[in-house]
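# Descriptive analysis of the structure
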Amino acid sequence: MAEKEEKGEDGQVAEIEKKITEAFEVFDRESNKTVDVREIGCIVRSLGCFPTEAEVQELLEKIEVEEPGGFVHLEHFLPVMTKVLLDRRFRPIPEDVILHAFEALDENKCGYITKDDLVKHLTEGGEPFTQEEMEDMLAVALDPVTDTLHYRDYRTKLIVDETKTFPFNV
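Residues numbered from 1 in each chain as written. Predicted model: local features only at pLDDT ≥ 70, side-chain atom pairs only at ≥ 80, totals over all residues. Heavy atoms only, no water.

If you look the protein up in an unreviewed UniProt entry, it shows as EF-hand calcium binding domain 2 from Geospiza parvula.

## A closer look at the sheet that holds strand 1 (residues 34-36)
To keep things clear, this is the line we draw: The pairing criterion is simple: DSSP has to find at least two bridges between the two strands. Helix and strand assignments come from DSSP, with helices taken as H or I runs of at least 4 residues and strands as E runs of at least 2, each series counted from the N terminus.
Here 3 strands make up an open sheet; going across it, the order is 1-3-2 and the pairing antiparallel. Both outer strands of the open sheet, strand 1 and strand 2 (65-66), are each paired with one neighbouring strand and no more. Pairing analysis gives 2 bridges linking strand 2 to strand 3 (residues 71-73), with the strands arranged antiparallel. Directly across from Glu66, in strand 3, lies its bridge partner Phe71.

## Examining helix 4 (residues 74-86)
Note the following rule: Each helix should span, by expectation, one fewer than its residue count multiplied by 1.5 Å. Three exposure classes are used, based on accessible area relative to the maximum for each residue type with a 1.4 Å probe and protein chains only: buried under 20%, partly exposed in between, and exposed over 50%.
The first and last C-alpha atoms of helix 4 sit 18 Å apart over 13 residues, in line with the 18 Å expected at 1.5 Å per residue. For helix 4, the full list of buried residues reads Leu74, Phe77, Leu78, Val80, Met81, Thr82, Val84 and Leu85. Downstream of helix 4 by a residue or two, Arg88 has a phi angle that is positive, lying close to 55 degrees.

## Digging into the nonpolar core
As a reminder, the rule being used: The criterion is simple. A nonpolar core is a set of buried Ala, Val, Leu, Ile, Met, Phe, Trp, Tyr and Cys residues joined through side-chain atoms within 4.5 Å. Only heavy atoms enter the contact rule, under which two residues are in contact if any of them lie within 4.5 Å.
Ranked by size, the top nonpolar core spans 24 residues in total, and within it Ile20, Ile40, Ile43, Phe77 and Met81 carry the most contacts. Contributions of two or more residues to this core are made by helix 1 (2-27), helix 2 (40-46), helix 3 (53-62) and helix 4. Among the elements that make up this core, the one with the highest residue count is helix 4 (7 residues). Those residues within four positions of Phe77 in sequence are excluded, and the remaining contacts are Ile20, Phe24, Ile40, Ile43, Val44, Ile63 and Val72. In this structure, Ile113, Ala141, Leu149 and Tyr151 belong to the second largest nonpolar core, which totals 14 residues.

See below:
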């Protein structure tokens, strides 16, 4: 029986490593099993993980990055990312937490946040948005008529179905 469980775990690890390798290869422009260090966040997110930029930097500290070009080899990335997926790190934020965060920004408790307030909150505190990130978000988040974010409606766009992002049954 223990032997059967062991084979199951090996199969699971092999499946995870295959998914990681496939995601890595999308960003491996030279087909030499390396990617630019700046692509790691995108690769991790494409695997259904949702780390902050600070968490991506912590992850990079665990991966041997080749200098001077700042490239990451698949052989160094694979074991670190396999452990991330097996440990189910960087999971999506639950809907109630997203709602609570928006409610905290809604000082008047009116169910929406003005464009000016949203820009202020997202560029001045915590992990600030870049100008490009801000423009992208405003383009999809704001009501074009009122120029406000109706967060009870918008939060549904932010919800992630974990059964689709963690297809590995870990």
